[in-house]
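Structural description and commentary
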Amino acid sequence: MLIVPEREIADLMTREAAFDAVERVFAAMASGNANNFPVVREAIGHEEALYGFKGGFDQAGLTLGLKAGGYWPNNLEKRNLINHQSTVFLFDPDTGKAKAMVGGNLLTALRTAAASSVSIKHLAREDAKVIGMVGAGHQATFQLRAALEQRNFEKVIGWNYHPEMLPNIEKVANEAGLPFEAVELPDLREADVIISITSAFSPSVMAGHISEGTHIACMGTDTKGKQEVEAELLVRANVFTDEVAQSVSIGEAQHAVGQGLIKDTDVAEIGAVINGTIAGRTSPDQITLFDGTGVGLQDLAVAAAVVDLAVKKGVAIEVDF
């Protein structure tokens, strides 16, 4: 079995490689060549942590495995560790033997950012100029860096429940040579693209905060009960997701479907847009919403790419197992 430690990931996986891997796996899912397994995600009753497993099998890429991990909200303050902790395990689909163990923290950040970036590529207006960020934590910086590569943005605006964290995304904007402005939530109407990346259990973004023609990527809701945007926004928008089953059960669409505002058939897979089997954005005034729930196949795709690179560069550790 091969081990690729967390410390090696930064020198192996790029945003571009993560984007390509995620876009390919979304396309494979929509064409029926890759399947996610049911998600297990539970509160463990210790340290306020949420822990679980996401897995699947990509027949096209012959990638089988799972990611184990979750969210420890006290890590940063108590231990100077990031709150999200995870490890990816890959198995040989021909034999079932363990194939690789890969540090999943940076990979999770990169693949999550890649997913919203893929949605911007395929759903945002080509003339989008202002990007809005809701959330300013660790993951938000990855989201913004990836998003800025998809359009010729001219300005970044941001809101966070804890305003003292906004310099995190202001720094990224400044690195890109773009002005940054801290705003109140109603001012999000200025944005052409919005990324929401919080761990909230009640909505911050209301339907009235979104202008016509906006693309919004909701990237924080991955557990039953979480919610970043008002359910009525999903009525105004054309809704796309990584996987419909997750979207309506643990994703942002769980609330709109649960309240009878939309049906699961109103939610479309972004992979079908990538494959060209359904339309994405059809008019400049259309609101598009991507519900990024985080599927296990994303993790497997980027982990498999990292293992290949680690072997080529001689940094994979081989152990008997």
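Quick summary incoming for the structure in this document. A quick note: this is a predicted structure, and the numbers were derived from the prediction, not measured. (Residues numbered from 1 in each chain as written. Predicted model: local features only at pLDDT ≥ 70, side-chain atom pairs only at ≥ 80, totals over all residues. Heavy atoms only, no water.)

**Examining the packing of helix α5 (residues 138–147) against helix α6 (residues 167–175)**
Two packed helices can be described by the angle between their axes and the distance between those axes. Contact geometry for α5 and α6: axes closest at 9 Å, N-to-C directions at 25 degrees. Judged by the angle between their axes, α5 and α6 are roughly parallel. Remark: the crossing between α5 and α6 carries right-handed chirality. Seen from α5, the contacting residues are A140, T141, L144 and R145; seen from α6, they are N168, I169, V172, A173 and E175. Looking at the contact of α5 with α6 residue by residue, the classes come out as five nonpolar, two polar and two charged. (Axes fitted to C-alpha atoms, helices over the stretch in contact; angles between N-to-C directions. Helix = DSSP H or I, 4+ residues; strand = E, 2+ residues; numbered from the N terminus. Parallel < 35°, antiparallel > 145°, perpendicular 65-115°, else oblique. Left-handed = near helix turned anticlockwise from the far one by under 90°. Contact = heavy atoms within 4.5 Å. Nonpolar A, V, L, I, M, F, W, Y, C, P; charged D, E, K, R; others polar.)

**Here's the deal with the pairing of strand β9 (residues 155–159)**
Counting buried residues in β9 gives four out of five residues, a clear majority hidden from the surface. Pairing of strand β8 (residues 130–134) with β9 involves five bridges; the strand directions are parallel. Each bridged residue has a counterpart across the sheet, and for I131 the counterpart in β9 is V156. At this point the chain moves from β8, through α5, to the parallel β9, and the crossover so formed is right-handed. Direction of pairing for β9 relative to strand β10 (residues 180–182): parallel, over a ladder of three bridges. Following the sheet pairing, G158 is matched in β10 by A182. Handedness of the β9-α6-β10 crossover: right-handed. (Buried < 20%, exposed > 50% of the residue type's maximum accessible area, 1.4 Å probe, protein only. Pairing = 2+ DSSP bridges. Right-handed = clockwise from strand over helix to strand, strands pointing away.)

**Some details on the nonpolar core**
One finds F26, V102, I131 and V156 to be the most contacted residues of the largest nonpolar core, which totals 66 residues. With 10 residues, helix α4 (residues 105–123) is the largest single contributor of residues to this core. With near-sequence residues (within four places) excluded, V102 lies in contact with V4, I9, T87, V88, L107, A303, V306 and V307. Among the nonpolar cores identified, the runner-up in size contains 26 residues, and L185, V239, A253 and A256 belong to it. (Core = buried A, V, L, I, M, F, W, Y, C linked by side-chain atoms within 4.5 Å.)

**Digging into the pattern of salt bridges**
Opposite charge on two side chains allows them to pair when their charged atoms are near. For the structure on display, the rule yields 16 salt bridges. Across the salt bridge formed by D299 and R111, the nearest N and O atoms sit 2.8 Å from each other. Of this pair, D299 sits in helix α11 (residues 296–313) while R111 sits in helix α4, and the two are 188 residues apart along the sequence. Here E126 makes a salt bridge to R151, at a shortest N to O gap of 3.6 Å. Placement of the pair is E126 in the loop between α4 and β8 and R151 in the loop between α5 and β9, with a sequence separation of 25 residues. By relative accessible area, E126 is classed as exposed at 63%. Salt bridges sharing partners connect three or more residues here, namely R41, D222 and K226. (Salt bridge = Lys/Arg side-chain N within 4 Å of Asp/Glu carboxyl O.)

**Re the sheet that holds β10**
Spatially, β10-β9-β8-β11-β13-β17-β15-β16 is the arrangement adopted by the eight strands of the open sheet, whose pairing is parallel. The open sheet has two edge strands with one neighbour each: β10 and β16 (267–269). When strand polarity is set aside, the average angle formed by the axes of neighbouring strands in this sheet is 20 degrees. Running at roughly 160 degrees to strand β13 (residues 215–218), α4 makes contact with β11 (193–196), β13, β15 (238–241) and β17 (288–291) of the sheet. Against the sheet, α5 engages β8, β9 and β11, with an angle of about 165 degrees to β8.

**Some words on α11**
Counted at 1.5 Å a residue, the expected span for α11 with its 18 residues is 26 Å, and the 26 Å between its end C-alpha atoms agrees. Among the residues of α11, those classed as buried are G296, L297, Q298, D299, L300, A301, V302, A303, A304, V306, V307 and A310. The positive-phi residue at the C-terminal boundary of α11 is G314, with phi of around 75 degrees. (Expected span 1.5 Å × (residues − 1).)

**Some points on unusual backbone geometry**
Despite not being glycine, E47 shows a phi value in the positive range, around 60 degrees. Mapping E47 onto the fold places it in the loop between β3 (40–43) and β4 (50–58). One non-glycine residue, E48, lies in the positive phi region at around 60 degrees. Mapping E48 onto the fold places it in the loop between β3 and β4.

**Here we look at a nonpolar patch on the surface**
Together, V40, I44, Y51 and F53 make up a nonpolar patch on the protein surface, roughly 320 Å² of accessible area in all. As for its placement among the helices and strands, F53 is situated in strand β4. In this structure F53 comes out as partly exposed when scored by relative accessible area, which is 35%. (Patch = residues over 30% accessible without salt bridge, like charges linked within 9 Å, V, L, I, M, F, W, Y side chains within 5 Å. Areas by Shrake-Rupley, 256 points an atom, 1.4 Å probe, with all protein chains shown as cover.)

**Overview of the pairing of β13**
Burial along β13 is two-sided: H215 and A217 and I216 and C218, pointing in opposite directions, are all buried. As paired strands, β11 and β13 are joined by four bridges and run parallel to one another. Pairing of S196 across the sheet is with C218, part of β13.

Functional significance is not addressed by these values, which are geometric in nature.
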